[in-house]
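Summary of structural features
Below, each chain spelled out in residue letters.
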Amino acid sequence: MLSDDELLRYSRQILLKQIDVEGQLRLKQGRVLIVGMGGLGSPVALYLAAAGVGELHLADFDTVDLTNLQRQIAHDTASIGQAKVDSAMARLAAINPQVRLVPHRQALDADSLAAAVSAVDLVLDCSDNFATREAVNAACVAAGKPLVSGAAIRLEGQLSVFDPRNAASPCYHCLYGHGSEAELTCSEAGVVGPLVGLVGSLQALEALKLLAGFGEPLVGRLLLIDALGTRFRELRVKRDPACGVCGGR
């Protein structure tokens, strides 16, 4: 049930016929893991908490640095030196004290990542390196949990949803293979703040659609964002039957 306070707090999205009270209850019952509390994870966490997702698991082993503040909007100047998870938890609790927050302050190894993924309904990859994305994808495939994956660097962004519950859905590895360890991070190549905000906001939207059960998630589609020209392009992507991660499912 939703309390009177919850009905008032979420009234604007409950008004949407695609969500209504039933969808809001699904959000309240939802459990989500956000991997990375930086430029992408900040808007993801802020919007999911504001929308009333019942339980947010926050994973990040890093601390807040002055250079983060240009884009990582969950943190502020007073947060410098704090664990990003703790800084984000304080901000989220101020936005919506009804949301349960579960911290993961240490780097997740294979076992702890598998346990963290198994404990939730949905995972959002907001990390900034290929090794973490591969590990999160493999854990989601193994646990049968949907994954909302976003990335942004320089003036380019990408977004897709990988859902192992859908037999036709590719996984992250189907698209990117073994990738490249030489991939640059934002600290090396730079990134404009509103771009990560845009990608993170779209990740949050995809998460709400999956949790509440409305709309058409980005499964089998890769959204490419060109911030320089303000252009969006969509590519159809297929599952690779020979994929080393999801090919056997």
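Shown above is the structure to which this text applies.
All of the points below concern the structure found in this document. No experiment lies behind these values; they were computed from the predicted model shown.

1. Let's talk about the pairing of strand S1 (residues 31-35)
The buried count for S1 comes to four of five residues, which makes it a mostly enclosed element. Relative to strand S2 (residues 55-59), S1 is paired through five bridges, and the arrangement is parallel. Paired with Arg31 across the strands is Glu55, a residue of S2. Considered for its hand, the β-α-β crossover made up of S1, helix H4 (residues 41-51) and S2 is right-handed. Relative to strand S4 (residues 122-125), S1 runs parallel, the two sharing four bridges. Among the inter-strand pairings, Val35 is bridged to a residue of S4, identified as Asp125.

2. Digging into the packing of aromatic side chains
Counted under the stated rule, the structure contains three aromatic pairs. Aromatic side chains Phe130 and Tyr172 sit 5.9 Å apart centroid to centroid with 45 degrees between the ring planes, which places their arrangement in the tilted category. Here the residue Phe130 occupies a position in helix H7 (residues 130-143), and Tyr172 occupies one in helix H8 (residues 172-176), the gap between them amounting to 42 residues. By the burial criterion, Phe130 is buried, and Tyr172 matches it. Seen in terms of ring centroids, Tyr172 and Tyr176 are 4.6 Å apart; in terms of plane orientation they differ by 35 degrees. Their pairing is tilted. Highlighted residues: Tyr172 and Tyr176, both in helix H8, separated by four residues, approximately one helical turn. For Tyr172, a relative accessible area of 5% corresponds to the buried category. Given a relative accessible area of 28%, Tyr176 falls into the partly exposed group. Aromatic ring contacts, followed pair by pair, group Phe130, Phe162, Tyr172 and Tyr176 into a single cluster.

3. Digging into the pairing of S2
Burial within S2 is extensive, with five of its five residues counted as buried. Side-chain alternation along S2 places Glu55, His57 and Ala59 on one buried face and Leu56 and Leu58 on a second face that is also buried. Sheet topology note: the S2/strand S3 (residues 100-104) ladder contains five bridges and is parallel. Residue Ala59 lies in a different strand from S3, and its bridge partner there is His104. Once you follow S2 into helix H5 (residues 84-95) and on to S3, the crossover reads as right-handed.

4. Digging into the packing of H4 against helix H10 (residues 193-212)
Packing of H4 against H10 brings their axes to within 8 Å, and their N-to-C directions diverge by 40 degrees. Taken together, the axes of H4 and H10 lie oblique to each other. As for how H4 packs across H10, the hand of that crossing is right-handed. Each of Pro43, Val44, Tyr47, Leu48 and Ala51 in H4 lies in contact with H10, whose residues at this interface are Val196, Gly197, Gly200, Ser201, Gln203, Ala204, Ala207 and Leu208. Class assignment of the residues belonging to the contact of H4 with H10 gives a composition of nine nonpolar, four polar and no charged.

5. Some words on unusual backbone geometry
One non-glycine residue, Arg154, lies in positive phi territory at about 50 degrees. Following the sequence through the fold, Arg154 ends up in the loop between strand S5 (147-153) and strand S6 (156-162). Accessibility expressed as a relative area gives 46% for Arg154, which makes it partly exposed.

6. Topic: the state of the cysteines
Overall, the coordinates contain zero disulfides when judged by the stated rule. Cys174 provides the cysteine sulfur closest to Cys246, a residue in no disulfide bond, and the two sulfurs are 3.4 Å apart.

7. A short note on the pattern of salt bridges
One pass over the structure, following the stated rule, counts 11 salt bridges. The partner of Asp121 in a salt bridge is Arg31, and the shortest N-O contact between them spans 3.0 Å. Separated by 90 residues along the polypeptide, Asp121 in the loop between helix H6 (110-118) and S4 and Arg31 in strand S1 bring together distant segments of the chain. Given the relative accessible area of 28%, Asp121 is considered partly exposed. Judged by relative accessible area, Arg31 falls into the partly exposed class, the value being 30%. Across the salt bridge formed by Arg105 and Asp86, the nearest N and O atoms sit 2.7 Å from each other. Remark: Asp86 occurs in helix H5 and Arg105 occurs in the loop between S3 and H6; sequence separation between them is 19 residues.

About the cut-offs
Residues numbered from 1 in each chain as written. Predicted model: local features only at pLDDT ≥ 70, side-chain atom pairs only at ≥ 80, totals over all residues. Heavy atoms only, no water. Buried < 20%, exposed > 50% of the residue type's maximum accessible area, 1.4 Å probe, protein only. Helix = DSSP H or I, 4+ residues; strand = E, 2+ residues; numbered from the N terminus. Pairing = 2+ DSSP bridges. Right-handed = clockwise from strand over helix to strand, strands pointing away. Phe/Tyr/Trp six-rings, centres within 6.5 Å; stacked < 30°, edge-to-face > 60°. Axes fitted to C-alpha atoms, helices over the stretch in contact; angles between N-to-C directions. Parallel < 35°, antiparallel > 145°, perpendicular 65-115°, else oblique. Left-handed = near helix turned anticlockwise from the far one by under 90°. Contact = heavy atoms within 4.5 Å. Nonpolar A, V, L, I, M, F, W, Y, C, P; charged D, E, K, R; others polar. Disulfide = S-S within 2.5 Å. Salt bridge = Lys/Arg side-chain N within 4 Å of Asp/Glu carboxyl O.

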